[in-house]
Amino acid sequence: MKIDDTDRKILGELQRDAGQSLDEIASAVGSSKTPVWNRIRKMREAGIIGAQTVRLDAEALGFEATFFVLIRTSEHEADWQARFLRALRERPEVQEAHRLAGDIDYILKVRVKNARAYDAFYQALISEVKVHNVTALLSMEEIKATTALPL
């Protein structure tokens, strides 16, 4: 599906606050409610717009530690990778996981209450899958966090 400037404006508004009413979005993009709804529906059907969620304040909920975990592995077989990916997907502490090019094989963003909770996560992970080297980096301060795309 090709998107135009109006679609981009709608997407920008949804990224800013998906809880807005259709009237508010329509007003912000200079359109009326029905055409905006039809565009949103088409973009959902095309897979451009996914599930709507809310952002929670992690610190207010007691999740005060963010670790970036660098993983090197000497295992590259399909069975190992399937177990590793399953272990990551089953752990709610893992907010992001990426396979990388270069010296590091994977990087994880792990959000936990404290260092002790990270250690429990780490011990559980290495009990399930063999990894060659793990380096955990504690984030001292989150400077910027966004899910918004630069439309």
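Residues numbered from 1 in each chain as written. Predicted model: local features only at pLDDT ≥ 70, side-chain atom pairs only at ≥ 80, totals over all residues. Heavy atoms only, no water.

- The name that an unreviewed UniProt entry assigns to the protein chain is Lrp/AsnC family transcriptional regulator, with the source organism given as Ponticoccus litoralis.

### Considerations on the UniProt feature "domain: HTH asnC-type" (unreviewed entry) in the protein chain
Thinking step 1. Annotation from UniProt places "domain: HTH asnC-type" (unreviewed entry) at residues 3-64.
Thinking step 2. Here residues 3-64 is 53% helix and 0% strand, with 39 Å between the C-alpha atoms at its ends. (UniProt positions renumbered as here; feature names shortened; annotations may be inferred. Helix = DSSP H or I, 4+ residues; strand = E, 2+ residues; numbered from the N terminus.)

### Observations concerning helix H3 (residues 33-45)
One turn of the α-helix equals 3.6 residues, which is why residues spaced by three or four share an orientation.
Thinking step 1. The terminal C-alpha atoms of H3 lie 18 Å apart, and with 13 residues this matches the ideal 18 Å at 1.5 Å per residue to within 8%.
Thinking step 2. Those residues of H3 that sit buried are Val 36, Ile 40 and Met 43. Taken down its axis, H3 places every buried residue within 65° of arc, on the same side. With respect to the buried face of H3, the exposed residues turned more than 90 degrees away are Thr 34 and Glu 45.
Thinking step 3. Against the buried residues of H3 lie helix H1 (5-16) and helix H2 (22-29).
Thinking step 4. Gly 47 lies just past H3 and shows a positive phi near 85°. (Expected span 1.5 Å × (residues − 1). Buried < 20%, exposed > 50% of the residue type's maximum accessible area, 1.4 Å probe, protein only. Arc of directions from axis to C-beta. Contact = heavy atoms within 4.5 Å.)

### Comments concerning the nonpolar core
Thinking step 1. Residues Ile 71, Leu 108, Val 110 and Leu 125 are the most contacted members of the largest nonpolar core, which totals 18 residues.
Thinking step 2. Listing elements by their share of this core, those giving two or more residues are strand E1 (65-72), helix H4 (78-90), strand E3 (106-112) and helix H5 (115-128).
Thinking step 3. Contact partners of Val 110, with chain neighbours within four places excluded, come to Ala 65, Thr 66, Phe 67, Val 69, Glu 93, Val 94, Tyr 118 and Phe 121.
Thinking step 4. Core analysis: the next-biggest nonpolar cluster, separate from the first, contains ten residues, Ala 26, Val 29, Ile 40 and Ile 49 among them. (Core = buried A, V, L, I, M, F, W, Y, C linked by side-chain atoms within 4.5 Å.)

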